[in-house]
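Here's the letter readout for the chains.
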Amino acid sequence: MVLAPKDDRLNMDDLAPQEAAVLAIIKDNPFAGQQEIATMLGLARSTVAAHIVQLMQKGYILGRGYVMPAETRAVCIGGAVLDRKYRAKQEFVFETSNPVDGVRSLGGVARNVAENLALLGTTTSFVSIVGDDEGGRAVVKHMRDRGIDVSQIITTTERPTAEYAAILDTKGDLVLGIADMSIFDLLLPSHIERIWPHLAAASWVFSDCNLPAETLSALIAKRQGARFRLAIDAVSTPKAARLPKDLTGVDLLFMNIDEANAILGRNAHETIDDAKEAALALQAAGAREAVVTMGPRGIAIAGTEGARTFPAVHARPVDITGAGDAMIAGTLHRILHGEDTYNAARTGALLGTLTTESTASVHTDLSERFLEANMHRLAG
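Residues numbered from 1 in each chain as written. Predicted model: local features only at pLDDT ≥ 70, side-chain atom pairs only at ≥ 80, totals over all residues. Heavy atoms only, no water.

Caption draft 1: Layout of the overall build of the protein. When its secondary structure is counted, the protein shows 14 helices and 14 strands. Here the C-alpha atoms of the protein give a radius of gyration of 22 Å, agreeing with the 21 Å that 2.2 N^0.38 yields for 380 residues. Its C-alpha atoms give the protein principal-axis dimensions of about 80 × 50 × 40 Å. A total of 380 residues make up the protein; the buried ones form 51% of that total. At a minimum sequence separation of 6, the contacts of the protein that also span at least 24 residues come to 68%. A total accessible area of about 16,700 Å² is found for the protein, and carbon and sulfur atoms account for 51% of it. A distance of 3 Å separates the average location of the 37 positive side-chain charges in the protein from that of its 46 negative side-chain charges. (Helix = DSSP H or I, 4+ residues; strand = E, 2+ residues; numbered from the N terminus. Rg over C-alpha atoms; globule rule 2.2 N^0.38 Å. Buried < 20%, exposed > 50% of the residue type's maximum accessible area, 1.4 Å probe, protein only. Contact = heavy atoms within 4.5 Å. Areas by Shrake-Rupley, 256 points an atom, 1.4 Å probe, with all protein chains shown as cover. Lys, Arg positive; Asp, Glu negative; His and termini not counted. Charge placed at Lys NZ, Arg CZ, Asp CG, Glu CD.)

Laid out in structure tokens, this is it:
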């Protein structure tokens, strides 16, 4: 068995007395066997085995060898996509050929969030599904090279790696997006069950709505008995509909105003106060906290201390692709470092702005030092 590193973040409020006693013995002696623990506590060995299974499910130990979880760790679940971006050289003329500059890169909301988090220094795992093809192998290699745990990525021969093509105007604004995401239909609830100890040991789990509706519902329902906190991003207006009506179990929900309106049945989308009302409505639907974005009009946050709005950070945009994903990563990174959601989301908004000023979906210069060097822009 492997000696477990000490983890000071563990509290045992969610443990039954016997589970807490078993965990205390394991923390003192990771080499203790089940019979030894049973003898020390006056329990049957089968009872100890059952308690150990529960400790694994709750994320207190990682399985064989009683390996303890890292102090802070994020797991990102969802899209891994081959991105194709085509930016117009002149104003579009429809129904004919248009000259563009083309760029190929890796994308997907969860993949982008994971890479941003890793570049900021957060210990990160990525869970997704890719095809048994060149694109899938490129995704896995790139993420591994970034220091991201890719051990839970599925490779399938049933469908190709997901692809997304973005058509941008001369300013870099999205004109049309097309996507082949059918591979994500294979991410079933059974996969959540299979990797549960990996998820349960995380500090935060982030999922995008590329997952099927039944998988999202299973994750949200199962999270309510776990210790990690769950963040979800809607991805798009159609995919937002995959979320359950009851959002109880979602700790932090990210949406833009159109996505929020779609699932709330609202129409207001003119002012930042509309975003504030939408964030509060998402909170009333069960989400513990909600962030609703309105691009250059700013962001609204319904948190544990009420709703607040913040202006957008002034940008010199080159390409908006990946800005929302960077905003999510910046927010989660700061929350993991102890900030409240309001301040964390402001930093997230800054990172989103910085990403629009890069031609890449994940800023090529991103690091904790780079982010800190630009913090003064929040006061601008």
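Caption draft 2: The pairing of strand β13 (residues 299-303), seen in detail. Burial of β13 is extensive: five of the five residues sit out of reach of the surface. What you see with β13 is no split at all: I299, I301 and G303 on one side and A300 and A302 on the other are buried throughout. In this sheet, β13 lies alongside strand β12 (residues 289-293) in antiparallel orientation, the contact comprising four bridges. Counterpart to V291 in the pairing with β13 is I301. With antiparallel pairing between neighbouring strands as the criterion, β12 and β13 make up a hairpin whose turn holds five residues, including G295 at a positive phi of roughly 55°. (Pairing = 2+ DSSP bridges.)

Caption draft 3: Inspection of the sheet that holds strand β1 (residues 74-77) at higher detail. Strand order in this open sheet of eight strands is β4-β1-β9-β10-β11-β12-β13-β14, and the pairing throughout is mixed. Looking along the sheet, the strands with just one partner apiece sit at the ends: β4 (124-127) and β14 (306-310). Averaged over all pairs of adjacent strands, the angle between their axes in this sheet comes to 15°, without regard to strand direction. By the bridge criterion, five bridges tie β13 to β14 in an arrangement that is antiparallel. The partner of A302 across the bridge, within β14, is A307. (Axes fitted to C-alpha atoms, helices over the stretch in contact; angles between N-to-C directions.)

Caption draft 4: Expanded view of the pairing of strand β10 (residues 229-233). For β10, the buried fraction is high: four of the five residues fall into the buried class. Note: strand β9 (residues 204-208) against β10, five bridges, orientation parallel. When the bridges of β10 are listed, W204 appears paired with R229. Each parallel crossover has a hand, and the one from β9 via helix α8 (residues 213-223) to β10 is right-handed. Pairing geometry for β10 and strand β11 (residues 252-256), over three bridges, is parallel. When the bridges of β11 are listed, I232 appears paired with L253. (Right-handed = clockwise from strand over helix to strand, strands pointing away.)

Caption draft 5: Molecular detail of the pattern of salt bridges. For the structure shown, the criterion picks out 18 salt bridges. Measuring nitrogen to oxygen at the nearest pair gives 2.9 Å for the salt bridge that ties K58 to E19. Taken together, the residues K58 in the loop between α3 (45-57) and β1 and E19 in helix α1 (residues 17-28) connect sequence positions 39 residues apart. By relative accessible area, E19 is classed as buried at 6%. (Salt bridge = Lys/Arg side-chain N within 4 Å of Asp/Glu carboxyl O.)

Caption draft 6: Structural context of the environment of T72. By secondary structure assignment, the location of T72 is in the loop between α3 and β1. Remark: the alpha-carbon pair of T72 and A202, spanning 130 residues in sequence, is separated by 7.0 Å. Leaving out residues up to four positions away in the same chain, T72 has contacts with T123, S203 and L336.

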